[in-house]
Amino acid sequence: FWKALKIYLNRHKFANAETTDLQKVFEETSGRNLDWFFRQWVYSAGFPQIEIQPVYNPATKTLTLTVTQTQKTEGNSPNAYVLPLEVEIQTAGGAQIEKLEINRRTQNFSVQLKDKPDNLVFDKSSKLPLVNVKAKAIAISNVQR
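All values reported here derive from a predicted model rather than from experimental measurement. (Residues numbered from 1 in each chain as written. Predicted model: local features only at pLDDT ≥ 70, side-chain atom pairs only at ≥ 80, totals over all residues. Heavy atoms only, no water.)

Engineer: Got a minute to help me understand the layout of surface pockets in this structure?
Structural biologist: Taking a probe equal in size to a water molecule and rolling it over the atoms shows the remaining empty space. Its boundaries defined by the atoms lining it, the largest pocket holds a volume of some 720 Å³. Along its surface, the largest pocket is lined by 25 residues, and Phe-1, Trp-36, Phe-37, Trp-41 and Pro-84 are the ones closest to its centre. Secondary-structure elements contributing two or more residues to the lining of the largest pocket are helix H2 (19–30), helix H3 (35–41) and strand S3 (83–91). Taken together, the residues of the lining of the largest pocket sort by class into 17 nonpolar, 3 polar and 5 charged. (1 Å grid on protein atoms, 1.4 Å probe; cavity = no way out; pocket = protein on both sides within 12 Å on 5 of 7 lines; lining within 4 Å. Points joined across faces, edges and corners; volume = space filled by probe spheres on them. Helix = DSSP H or I, 4+ residues; strand = E, 2+ residues; numbered from the N terminus. Nonpolar A, V, L, I, M, F, W, Y, C, P; charged D, E, K, R; others polar.)

Structure below.
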């Protein structure tokens, strides 16, 4: 990030620059195509609004997180944002961090646990400043597998 900014500032010092110039430098520096990122975060309206329904199955010791993006999809707002979301799962035995790669309107993630989850903390490091995350209370499933 900082390397790309330095190149961008030096390359366009005392000149006019456009967003496409910034994108080009970030792509050169990272070696990745960042069209999706700029389309979603720069050229689109709105921001991700996420609801999470956690369900724990004590029989299988599995936590299932149903992640739903609820933002309106009118205008040029994406139907589904692509974003990483970290969740800290706190149990009596300690905490574990899971990294979720969200890329659809609704998706499920399953996490195997050693103990029943007591608390979930989403985006603890505040890496996603423009995301509204609402999580429901952890439900306990009585379904045997």
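Engineer: It is not clear to me how the environment of Arg-105 should be interpreted in this structure. Could you clarify?
Structural biologist: Of note, Arg-105 is situated in the loop between strand S4 (94–102) and strand S5 (106–112). A relative accessible area of 26% places Arg-105 in the partly exposed class. When the C-alpha positions of Arg-105 and Val-55 are compared, they lie 19 Å apart, and in sequence the two are 50 residues distant. Excluding anything up to four places from it in sequence, Arg-105 contacts Val-67, Thr-68, Gln-69, Thr-70, Gln-71, Thr-73, Asn-79 and Ala-80. There is a polar contact of 2.8 Å between the side chain of Arg-105 and the backbone oxygen of Gln-71. Polar contacts involving the side chain of Arg-105 include one to the main-chain carbonyl oxygen of Asn-79, which spans 2.9 Å. (Buried < 20%, exposed > 50% of the residue type's maximum accessible area, 1.4 Å probe, protein only. Contact = heavy atoms within 4.5 Å. Polar contact = N/O pair within 3.5 Å; in protein donor to acceptor, adjacent residues only side chain to side chain.)

These figures capture arrangement, not role.
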